[in-house]
Amino acid sequence: MRTIVICSGGLDSVSLAHRIAAEHELVGLLSFDYGQRHRKELDFAAACAHRLGVPHQIIDITGIGQHLTGSALTDDVEVPDGHYAEETMKATVVPNRNAIMLAIAFGLASAQKADAVAVAVHGGDHFIYPDCRPGFIDAFQKMQDEALEGYGTVQLLAPYVNVPKAAIVTDGAKHGTPFGETWSCYKGGARHCGRCGTCVERREAFHLAGVDDPTAYADPDFWRAATSRFSAEEVR
């Protein structure tokens, strides 16, 4: 299938891009600038597109993002440290972000005669992000089937939606993903902080997958204490 991958530049979406390039016809990477404080990840998305030899398009939706207030990812709100299962991590929710991005991506895919849009939402996000759950993915596909009826048929590929991040690391390693060329940290500093939810999850995922983690963390051991009190349970 001719497939567009939504790529933030993070571990999950870059791994997905390498997977799609191996299994389908990757026609391009699509990124969004919604005013995120860690927008340096977009440079990693651009590098991924260059590496895979496909176009990279960044859609500027900062005008929308500035109205989606209250998130630590867009506002002057402190990014919490800890595990995704903690209540404090709700501060990282950007309301309806994935729905907005996917709606744009599907319009683009239809216009470009692509067969599919691939997105790297995954099981580990189910705690706090409702637009990363299987129910959302299924509902969005049904909505788009109606929205594009008579104009095109675009499939939503979300191969990681029912798996934990460790499985993504395993899959990424299988498809030769250069993990050191991905960015996850929500704080957007010179190197990964090692303490925010996505850093903790990233570090834990490499450990559980038994894959060497090439990431330089400011606090490389914080994840052990942060994960010791929790066990992942999927929300469906």
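Bear in mind that the values here come from a model prediction, so they are computed numbers and not experimental data. (Residues numbered from 1 in each chain as written. Predicted model: local features only at pLDDT ≥ 70, side-chain atom pairs only at ≥ 80, totals over all residues. Heavy atoms only, no water.)

Trainee: Can you explain the overall build of the chain? Please cite residues and give values.
Mentor: Assigned secondary structure in the chain consists of 8 helices and 5 strands. Order of helices (α) and strands (β) in the chain, N terminus to C terminus: β-α-β-α-β-α-α-β-α-β-α-α-α. Evaluated residue by residue, the chain yields a buried proportion of 51% over its 236 residues. Of the contacts formed within the chain by residues at least 6 apart in sequence, a portion of 71% connects residues at least 24 apart. Counting only carbon and sulfur atoms, one obtains 51% of the accessible surface of the chain, whose full area is about 10400 Å². (Helix = DSSP H or I, 4+ residues; strand = E, 2+ residues; numbered from the N terminus. Buried < 20%, exposed > 50% of the residue type's maximum accessible area, 1.4 Å probe, protein only. Contact = heavy atoms within 4.5 Å. Areas by Shrake-Rupley, 256 points an atom, 1.4 Å probe, with all protein chains shown as cover.)

Trainee: I'd like to hear about the packing of aromatic side chains, residue by residue, with values.
Mentor: Evaluated as defined, the whole model comprises 4 aromatic pairs. An angle of 45 degrees between the planes, with centres 5.8 Å apart, marks the rings of F136 and F140 as tilted. Of this pair, F136 and F140 both sit in helix 5 (residues 134-147), 4 residues apart, which is roughly one turn of that helix. Summarising the burial analysis for this pair, F136 and F140 share the class buried. Relative to F206, the ring of F179 has its centre 5.1 Å away and its plane inclined at 90 degrees; by these criteria the two rings are edge-to-face. Placement of the pair is F179 in the loop between helix 6 (165-174) and helix 7 (197-209) and F206 in helix 7, with a sequence separation of 27 residues. Among the residues examined, F206 registers a relative accessible area of 1% and is labelled buried. Chaining the aromatic ring pairs together yields one cluster made of F106, F136 and F140. Of note, K40 hangs over the ring of W183, and the distance from its end group to the ring centre comes to 4.0 Å. Above the face of the F222 ring, R195 is positioned so that its terminal group lies 4.0 Å from the ring centre. (Phe/Tyr/Trp six-rings, centres within 6.5 Å; stacked < 30°, edge-to-face > 60°. Lys NZ or Arg CZ within 6 Å of the ring centre and 35° of its normal.)

Trainee: Which residues make up the packing of helix 1 (residues 11-23) against helix 6, and what values go with them?
Mentor: Relative to each other, helix 1 and helix 6 sit at 40 degrees, their axes nearing to 9 Å. The orientation of helix 1 relative to helix 6 falls into the category oblique. Along this stretch, helix 1 crosses helix 6, giving a crossing that reads as left-handed. Between helix 1 and helix 6, the contacting residues are L11, D12, S15 and R19 on the first element and K165, I168, V169, D171 and G172 on the second. Residues belonging to the contact of helix 1 with helix 6 are distributed by class as follows: 3 nonpolar, 2 polar and 4 charged. (Axes fitted to C-alpha atoms, helices over the stretch in contact; angles between N-to-C directions. Parallel < 35°, antiparallel > 145°, perpendicular 65-115°, else oblique. Left-handed = near helix turned anticlockwise from the far one by under 90°. Nonpolar A, V, L, I, M, F, W, Y, C, P; charged D, E, K, R; others polar.)

Trainee: Please provide a residue-by-residue account of the confidence of the model for the chain, values included.
Mentor: With 81% of its residues at a pLDDT of 70 or more, the chain has an overall mean of 86. When the criterion is pLDDT under 50, residues 232-236 qualifies, and its contacts beyond four places in sequence or with other chains add up to 11 contacts. (pLDDT = per-residue confidence, 0-100.)

Trainee: Which residues make up the nonpolar core, and what values go with them?
Mentor: Residues L102, F106, V117 and I137 are the most contacted members of the largest nonpolar core, which totals 36 residues. Listing elements by their share of this core, those giving two or more residues are strand 1 (2-6), strand 2 (25-33), helix 4 (97-111) and helix 5. Broken down by element, this core gets its largest block of residues, 7 residues, from helix 4. Residues A17, I20, V169 and F179 belong to the second largest nonpolar core, which totals 23 residues. (Core = buried A, V, L, I, M, F, W, Y, C linked by side-chain atoms within 4.5 Å.)

Trainee: Residue-level account of empty space enclosed by the protein, with values.
Mentor: Under the definition given, this model contains 3 cavities of 30 Å³ or more. Looking at the lining of the largest cavity, the elements that each hand over two or more residues are helix 1, strand 2, helix 2 (41-52), helix 4 and helix 7. Taken together, the residues of the lining of the largest cavity sort by class into 17 nonpolar, 10 polar and 6 charged. (1 Å grid on protein atoms, 1.4 Å probe; cavity = no way out; pocket = protein on both sides within 12 Å on 5 of 7 lines; lining within 4 Å. Points joined across faces, edges and corners; volume = space filled by probe spheres on them.)

Trainee: Can you break down the sheet that holds strand 2 residue by residue, with the values?
Mentor: Spatial strand order, 3-2-1-4-5: 5 strands in an open sheet with parallel pairing. Looking at strand neighbours, the two that pair on one side only are strand 3 (56-60) and strand 5 (155-157), the edges of this open sheet. Going from strand to strand, the sheet's axes swing by 25 degrees on average, the running direction of each strand aside. (Pairing = 2+ DSSP bridges.)

Trainee: Give a description of helix 1 that names residues and reports values.
Mentor: An ideal rise of 1.5 Å per residue puts 18 Å on 13 residues; helix 1 measures up with 18 Å between its terminal C-alpha atoms. When you tally the buried positions in helix 1, you get 10 out of 13 residues, the bulk of the element. (Expected span 1.5 Å × (residues − 1).)

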